[in-house]
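# Breakdown of the fold
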Amino acid sequence: MDGKYWNRKIETMPRQQIKEHQLQKLREQVKYCYENSSFYHKKFDSVGLKPQDIQTLEDLTKIPFTVKSDLRDNYPFGMVTVKPTEIVEIHASSGTTGNPIVGAYTRNDMDVWSELMGRSIYTTGGRPQDVIHIAYGYGLFTGGLGFHYGAQKVGAKIIPASGGMTQRQIKLMKDLGATILACTPSFAVYLAETMAQEGVDPRKDLKLKRGMFGAEPWSSKIRERIEQQIGIEAFDVYGLTELCGPGVSIECEQHDGLHIWEDHFIVETIDPDTGEVLADGEEGELVFTTLTKTGLPMLRYRTRDISKITTEQCKCGRTHSRMLRVQGRSDDMLIIRGVNVFPSQIEYAVMCFSELATQYLIVVDRPGALDTFVVKVELCEKAASNPQLDKNALKNEVQKRIHIVTGISADVEIVKPDEIPRTEGKAKRVLDLRKGKM
Ligand SMILES: [Zn+2]
């Protein structure tokens with residue numbers, strides 16, 4: 001720890017040096033995968049590639065992509081590169097169908113993950129004197145324990161609240177003096193709404209200063225709402241089970257993209273349709289290669305997340321490249337009447353109206369030949385009790401806004417406060433009734 005940096009030497013390393021470090025680590029990781037994984041060995045052989053063919057960072061593109069179905073097909077341990085006894089911890093993603101995505105960690109992987117989460121928390125201003133309230137789910141999901149290990153590294157006081165029991169969480173934050181809140185953005189919104197209902201004024205009754213939010217895409221509008229309603233500075237956190245969990249990248253105090261910890265990962269952006277590698281600044285699917293993993297290394301893993309990368313130096317002094325906040329996961333992307341629509345776009349449109357609460361539900365169906373596209377939005381308590389409110393005018397305005405953001409028309413349905421069901425983990429935003437009607 002050195003002033004604002006967790007590790008000044010690494011975080012401000014000149015880019016040329018980052019590249020040299022990456023090349024050396026990449027060659028080691030590739031050789032390691034080829035020698036220890038029949039999965040990667042076969043993959044290399046199928047395109048006639050040998051580890052020694054990787055001579056430059058550009059040679060990375062010769063390696064075939066790894067995709068989510070590779071992990072599902074090799075469930076649970078088919079892609080693991082060490083003896084079973086060397087795996088010390090297992091996590092898994094919250095898949096709703098089929099085999100979950102399993103993360104298998106060696107001692108080395110746990111150390112790297114904890115270090116990167118410690119570095120990430122420190123980058124957002126977390127210090128040993130902080131009290132970090134972790135309301136990410138504990139268990140197989142990487143959110144809760146990932147933050148836990150990182151906070152231990154920082155030396156902060158940890159409140160391992162996990163998900164659920166919203167009222168109790170607010171009481172605990174109040175009584176135990178939480179200064180940092182870590183949870184999904186949708187749970188933060190839910191906490192803020194519950195505080196308002198319970199008459200808790202976060203600025204007066206709580207000591208919260210910052211929030212670290214991630215595990216689902218969220219719009220800048222929802223961020224403004226969280227910041228304003230809870231009175232905190234919000235930071236975006238990014239990661240995925242396949243790479244380690246949270247700790248892959250983090251927003252700094254400039255709030256201008258998330259620094260990717262490039263001493264442990266190489267990032268590329270590709271055209272999701274053709275697989276072609278895109279230039280810096282072009283929007284595409286993020287692809288990550290791990291450089292230091294020993295349990296379950298990932299070579300060119302396709303995340304399905306859409307974003308863009310910049311290597312321009314950040315005002316914070318860190319040299320590690322930045323990714324813009326993820327617009328959406330291409331898995332979440334809906335194709336409605338032939339147009340790509342991300343739930344985050346709808347969220348953005350909804351958040352533009354102070355009369356509306358933060359909950360919304362997209363319902364897509366195909367009763368005949370054409371898709372129907374309904375967006376249910378909820379009035380906030382204040383607007384609902386305002387007799388002057390012109391619901392029709394509001395509905396028209398919301399429809400117009402959705403059309404501007406997505407390019408297609410939606411039917412907006414305005415419902416009463418609390419009519420849309422809440423969830424305490426990741427939010428359910430889409431009801432696609434077209435399945436089986438294609
Ligand atoms: Zn920065």
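Only a predicted model underlies this, so the values are computations on that prediction, with no experimental measurement involved. (Residues numbered from 1 in each chain as written. Predicted model: local features only at pLDDT ≥ 70, side-chain atom pairs only at ≥ 80, totals over all residues. Heavy atoms only, no water.)

### A short note on the pattern of salt bridges
A complete count under the given rule lists 28 salt bridges for this structure. Where arginine 119 meets aspartate 263, a salt bridge forms, and the shortest distance between an N and an O atom there is 2.7 Å. Separated by 144 residues along the polypeptide, arginine 119 in helix 5 (residues 107–123) and aspartate 263 in the loop between strand 9 (258–260) and strand 10 (265–270) bring together distant segments of the chain. Each member of the pair, arginine 119 as well as aspartate 263, carries the same accessibility label: buried. Arginine 210 is paired through a salt bridge with aspartate 130; the nearest N and O atoms lie 3.3 Å apart. Taken as a pair, arginine 210 in strand 6 (residues 210–214) and aspartate 130 in the loop between helix 5 and strand 3 (131–134) lie far apart in primary sequence, 80 residues in all. Each of the two residues, arginine 210 as well as aspartate 130, counts as buried. Three or more residues are tied together by salt bridges with common partners; here these are Lys4, Glu11, Glu253 and Arg318. (Salt bridge = Lys/Arg side-chain N within 4 Å of Asp/Glu carboxyl O. Helix = DSSP H or I, 4+ residues; strand = E, 2+ residues; numbered from the N terminus. Buried < 20%, exposed > 50% of the residue type's maximum accessible area, 1.4 Å probe, protein only.)

### Points about the sheet that holds strand 14 (residues 322–323)
As a general point, the strands of a sheet are linked pairwise by backbone hydrogen bonds and lie either parallel or antiparallel. Within the open sheet, the nine strands sit side by side as 4-3-5-6-7-8-9-14-13. Their pairing is mixed. Each end of this open sheet is capped by a strand with a single partner; those strands are strand 4 (157–159) and strand 13 (309–310). Where strand 8 (residues 245–251) lies against strand 9, three bridges are found, and the strand directions are antiparallel. Paired with serine 249 across the two strands is isoleucine 260, which belongs to strand 9. (Pairing = 2+ DSSP bridges.)

### A word on the pairing of strand 2 (residues 102–106)
The side chains of a regular strand alternate, first on one face of the sheet and then on the other. In terms of burial, strand 2 is largely enclosed, as five of its five residues are buried. Burial along strand 2 is two-sided: Val102, Ala104 and Thr106 and Gly103 and Tyr105, pointing in opposite directions, are all buried. Bridge count between strand 1 (residues 87–92) and strand 2: five bridges; the pairing is antiparallel. Each bridged residue has a counterpart across the sheet, and for isoleucine 87 the counterpart in strand 2 is threonine 106.

### Re the coordination of the zinc ion
Summarising the metal site, the zinc ion is bound by the protein donors Cys252 (SG), His259 (NE2), Cys314 (SG) and Cys316 (SG), whose distances to it range over 2.1 to 2.3 Å. Taken in sequence order, the residues that donate to the zinc ion follow the motif C-x6-H-x54-C-x1-C. Here cysteine 314 and cysteine 316 have matching classes, each one buried. (Donors = N, O, S within 2.8 Å, 3.2 Å for Na, K, Ca; no water.)

### Concerning the sheet that holds strand 12 (residues 301–307)
Sheet architecture is open: four strands sit in the order 10-11-12-15, paired in antiparallel fashion. Edge strands, defined here as strands with exactly one partner in the open sheet, are strand 10 and strand 15 (328–329). Bridge count for strand 12 against strand 15 is two bridges, and the pairing is antiparallel. Counterpart to isoleucine 306 in the pairing with strand 15 is glycine 328.

### Let's talk about empty space enclosed by the protein
Counted by the stated rule, this structure contains two cavities of 30 Å³ or more. Approximately 70 Å³ is the volume attributed to the largest cavity. Taken together, Tyr105, Asp109, Val112, Trp113, Leu116, Leu243, Cys244, His264, Phe265, Thr290, Thr292 and Lys293 make up the full set of residues lining the largest cavity. In the lining of the largest cavity, the residues fall into seven nonpolar, three polar and two charged. If you trace the second largest cavity, you find it lined by Leu71, Asn74, Tyr75, Pro76, Met79, Pro100, Val102 and Leu296. Classifying every residue of the lining of the second largest cavity gives seven nonpolar, one polar and no charged. (1 Å grid on protein atoms, 1.4 Å probe; cavity = no way out; pocket = protein on both sides within 12 Å on 5 of 7 lines; lining within 4 Å. Points joined across faces, edges and corners; volume = space filled by probe spheres on them. Nonpolar A, V, L, I, M, F, W, Y, C, P; charged D, E, K, R; others polar.)

### A look at the side chain of threonine 290
Within the element layout of this structure, threonine 290 appears in strand 11 (residues 284–290). Owing to a relative accessible area of 1%, threonine 290 belongs among the buried residues under this scheme. A distance of 3.0 Å separates polar atoms of two side chains, one belonging to threonine 290 and the other to glutamine 29. Ignoring sequence-local partners within four residues, the contact set of threonine 290 consists of Gln29, Leu243, His264, Phe265, Pro297 and Met298. (Polar contact = N/O pair within 3.5 Å; in protein donor to acceptor, adjacent residues only side chain to side chain. Contact = heavy atoms within 4.5 Å.)

### Regarding the domain arrangement of the protein chain
As assigned here, the protein chain comprises domain 1 (1–330) and domain 2 (334–432). Relative to domain 2, the C-alpha centre of domain 1 lies at a distance of 30 Å. At the junction of the two partners, domain 1 supplies 23 residues and domain 2 supplies 21 residues. Summing the contributions of domain 1 and of domain 2, the shared interface buries around 1800 Å²; its carbon and sulfur component is 51%. Between domain 1 and domain 2 we count zero salt bridges in total. If you look at where domain 1 meets domain 2, you find three residue pairs in polar contact (both at pLDDT 80 or more). Looking at the side of domain 1 that touches domain 2, the elements with two or more residues in it are helix 8 (185–198), helix 10 (220–230) and strand 15. Ranked by residues supplied to the side of domain 1 that touches domain 2, first place goes to helix 8 with six residues. Classifying every residue of the side of domain 1 that touches domain 2 by side-chain character gives eight nonpolar, 10 polar and five charged. (Domains from an automatic or database assignment. Buried area = accessible area lost by both parts, 1.4 Å probe.)

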